[in-house]
Every structure is written in structure tokens, then in C-alpha cells.
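Descriptive structure summary
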Amino acid sequence: MDGWIPPTLETERLVLRAMSLNDAEDMFVYASDPNVARYVTWPAHQSVDDSTGFLRFIEQRYAAGDAYDWGLVLKATGRLVGTCGYVKWNKNHHVGEIGYALGSDYWGRGLVTEATRKVIDFGFTEMQLNRIEAWCKLENLGSERVMQKVGMQFEGVARQKMFVKGSYHDLKQYAILRQDWVK
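Residues numbered from 1 in each chain as written. Predicted model: local features only at pLDDT ≥ 70, side-chain atom pairs only at ≥ 80, totals over all residues. Heavy atoms only, no water.

1. Some details on the overall build of the protein chain
Put simply, the rule is: Only DSSP runs of H or I with at least four residues qualify as helices, and only runs of E with at least two residues qualify as strands; both kinds are numbered from the N terminus onward. For the radius of gyration, the atom set is restricted to C-alpha positions; the globular benchmark scales as 2.2 Å times the number of residues to the power 0.38. Residues scored as charged are limited to Lys and Arg (positive) and Asp and Glu (negative), so that His and the chain ends carry no count. For charged residues, the charge sits on one atom: NZ in Lys, CZ in Arg, CG in Asp, CD in Glu.
For the protein chain, the helix and strand inventory stands at six helices and eight strands. Listing every helix and strand of the protein chain by position from the N terminus yields β-β-α-α-α-β-β-β-α-β-α-β-β-α. What you see for the protein chain is a C-alpha radius of gyration of 16 Å, in line with the 16 Å of a compact globule of 183 residues. Averaged over its 22 positive side-chain charges, the protein chain has a centre that lies 5 Å from the centre of its 23 negative ones.

Next comes the structure, spelled out in C-alpha cells:
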């Protein structure tokens, strides 16, 4: 596939759209927060340059047809407050792995649940996925709750599944199948 820009999607409170370098300052606000960074694979951004670098990477992935990530823009403010999308897509097996991040000022409001439902729907209807997976660290109860709210089923704990930031982490795995989504 030659390039892919995610289509703009809307939910009640969010616009999900392609990210660009213009989002660097908004991204830095949440990506520099140690509370956000403790649950993700990347370190907290130390400067707007870190956010710009990440956005350049995303733009390169869009150009290569290799990124399926949306920026989460709060309709009420027009500000980018997080991301949601497919961190992996195995086209041969019709499996996608979803991931998300959200500024801690917006935790507990159901925004990631709202965005994830929309991204899952897109995965089943437009990407022709049969299975969508998600992982979280054991202590990330907020992320686990999102997975439960969108209808994913707990499949188990993968011990020391991920080595990041100098240590191994056990991860909980959740998944939803197309047949479960369309019921």
C-alpha cells in the first residue's frame, strides 16, 4: 500500500484525525506527563522537539502506509489530547493490536472508551479484521477497564512479555472477535 492517511472519524465528544507536526505542542502537554508515560512503552517527552520527532515518525509511517493511528481531538477545545489506533496489523491473519494514550487531565471521562469503540468499528468494517487485541501492564487498571467496556474478553497474563525502560513487565491480554462485535 502506498501511503495511508487515516480518515477523519467522529464520536460524540471527539474528532479522530491524522496527526501532523502542528500537533507537537498539544502532544507535548500529555506526552511529557510522567503519569501517562509510566503505562506506555515510550519515555516521557522532555521537550517539544521529542513530540515533533515522534510526529515526524508518524508522518513517515503514514507515507509508507504503515501507520493506523489517529489523534484524539476534543471537540470542545480543538486540542489534541491523546492518540488511539492500531500499533500492529497482521493482514495475513486479519488481526490488529490496538493501543491508546490520553492526557491524565482527561482520565476517567470515558474518552478513550469512546475513541476505542470507533477504532474497533473501523477495524472490523474497513480493515476487515477478524480479531482485535490489546495489552496493558498489570497495574494499569484504567486501560483494563477500557478493554472491558468495549467488549473485549480477558485472555490471560503473559509473563514478562515486554522489556521496556530497563525491566520486564507482565501484561494482561484482552481481545474481541468480529463475531462478538456484530452481535
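After that view, the rundown keeps rolling.
2. Remarks on the packing of helix α1 (residues 24-31) against helix α3 (residues 48-63)
This is how it is decided: Fitted lines through C-alpha atoms give the axes, limited to the stretch in contact for helices. The angle between two N-to-C directions lies from 0 to 180 degrees. Oblique is the label for every angle not falling under 35 degrees (roughly parallel), over 145 degrees (roughly antiparallel), or within 65 to 115 degrees (roughly perpendicular). With the far helix as reference, a near helix turned anticlockwise by less than a right angle produces a left-handed crossing, and one turned clockwise produces a right-handed crossing. Here, residues are in contact when the closest pair of their heavy atoms is within 4.5 Å.
Across the interface, α1 lies against α3 with an axial gap of 8 Å and an inter-helix angle of 110°. By the criterion of interaxial angle, the relationship of α1 to α3 is roughly perpendicular. Here the hand of the crossing between α1 and α3 comes out right-handed. On the side of α1, the interface is formed by Ala24, Glu25, Met27 and Phe28, while α3 contributes Val48, Ser51, Thr52, Phe54 and Leu55.

3. A short note on a nonpolar patch on the surface
Spelled out, the test is: Only residues above 30% relative accessible area that lack a salt bridge enter a patch, with like-charged residues linked at up to 9 Å and the nonpolar side chains Val, Leu, Ile, Met, Phe, Trp and Tyr linked at up to 5 Å. Per-residue and other accessible areas were derived by the Shrake-Rupley procedure at a 1.4 Å probe size, with only the shown protein chains allowed to occlude residues. Should a side-chain nitrogen of Lys or Arg be within 4 Å of a carboxyl oxygen of Asp or Glu, the pair is scored as a salt bridge. Between buried and exposed lies partly exposed: a residue is buried under 20% and exposed over 50% of the maximum accessible area for its type, with that area taken using a 1.4 Å probe on protein chains only.
Taken together, Leu138, Phe154 and Val157 make up a surface patch of nonpolar side chains, about 240 Å² in accessible area. Within the element layout of this structure, Phe154 appears in strand β7 (residues 153-164). For Phe154, a relative accessible area of 44% gives the class partly exposed.

4. Quick word on the nonpolar core
Where we set the bar: Among the buried residues, those of types Ala, Val, Leu, Ile, Met, Phe, Trp, Tyr and Cys that are joined through side-chain atoms within 4.5 Å form a nonpolar core.
Residues Tyr86, Ile98, Ile132 and Met152 are the most contacted members of the largest nonpolar core, which totals 33 residues. For this core, the element with the highest residue contribution is helix α4 (residues 111-125), accounting for seven residues. In this structure, Ile98 is in contact with Cys84, Gly85, Tyr86, Thr116, Val119, Ile120, Ile132, Glu133, Ala134 and Met152, ignoring residues within four places of it in sequence.

5. Quick word on the packing of aromatic side chains
Rules: A pair of Phe, Tyr and Trp rings is counted when the ring centres sit within 6.5 Å of each other, with Trp represented by its six-membered ring. The angle between the planes then sorts it: under 30 degrees is stacked, over 60 is edge-to-face, the rest tilted. The criterion for a charge sitting over a ring is simple: Lys NZ or Arg CZ within 6 Å of the ring centre, and within 35 degrees of the ring normal.
Under the counting rule described, the total for this entry stands at 10 aromatic pairs. Summarising the aromatic geometry, the rings of Trp4 and Phe122 are spaced 6.2 Å apart at their centres and angled 55° between planes, so their arrangement reads as tilted. Here Trp4 is found in the segment before β1 (9-10), whereas its partner Phe122 is found in helix α4, with 118 residues between them in sequence. Residues Trp4 and Phe122 agree in their burial class; the two are buried. Their ring planes at 80° and their centres at 5.2 Å tell us that Trp70 and Phe122 sit as a pair that is edge-to-face. Remark: Phe122 occurs in helix α4 and Trp70 occurs in strand β3 (residues 68-74); sequence separation between them is 52 residues. Of the residues examined, Phe122 reaches a relative accessible area of 10% and is grouped as buried. An aromatic cluster of at least three residues, connected via ring pairs, comprises Trp4, Tyr68, Trp70, Trp89 and Phe122. One Lys or Arg, Lys91, reaches over the ring of Trp89 and ends 4.6 Å from the middle of that ring.

6. A short note on the sheet that holds strand β2 (residues 14-17)
The condition is simple: Being paired, for any two strands, means DSSP has found at least two bridges between them.
Strand order in this open sheet of eight strands is β1-β2-β3-β4-β5-β6-β8-β7, and the pairing throughout is mixed. On the outer flanks of this sheet lie β1 and β7, each paired with one strand and no other. In this structure, strand β4 (residues 80-90) lies alongside strand β5 (residues 95-102), joined through eight bridges in antiparallel fashion. What sits directly across from Asn90, in β5, is Val95. Across the sheet, α1 is in contact with β4 and β5; its angle to β4 comes to roughly 85°.

Keep in mind these values describe shape, not function.
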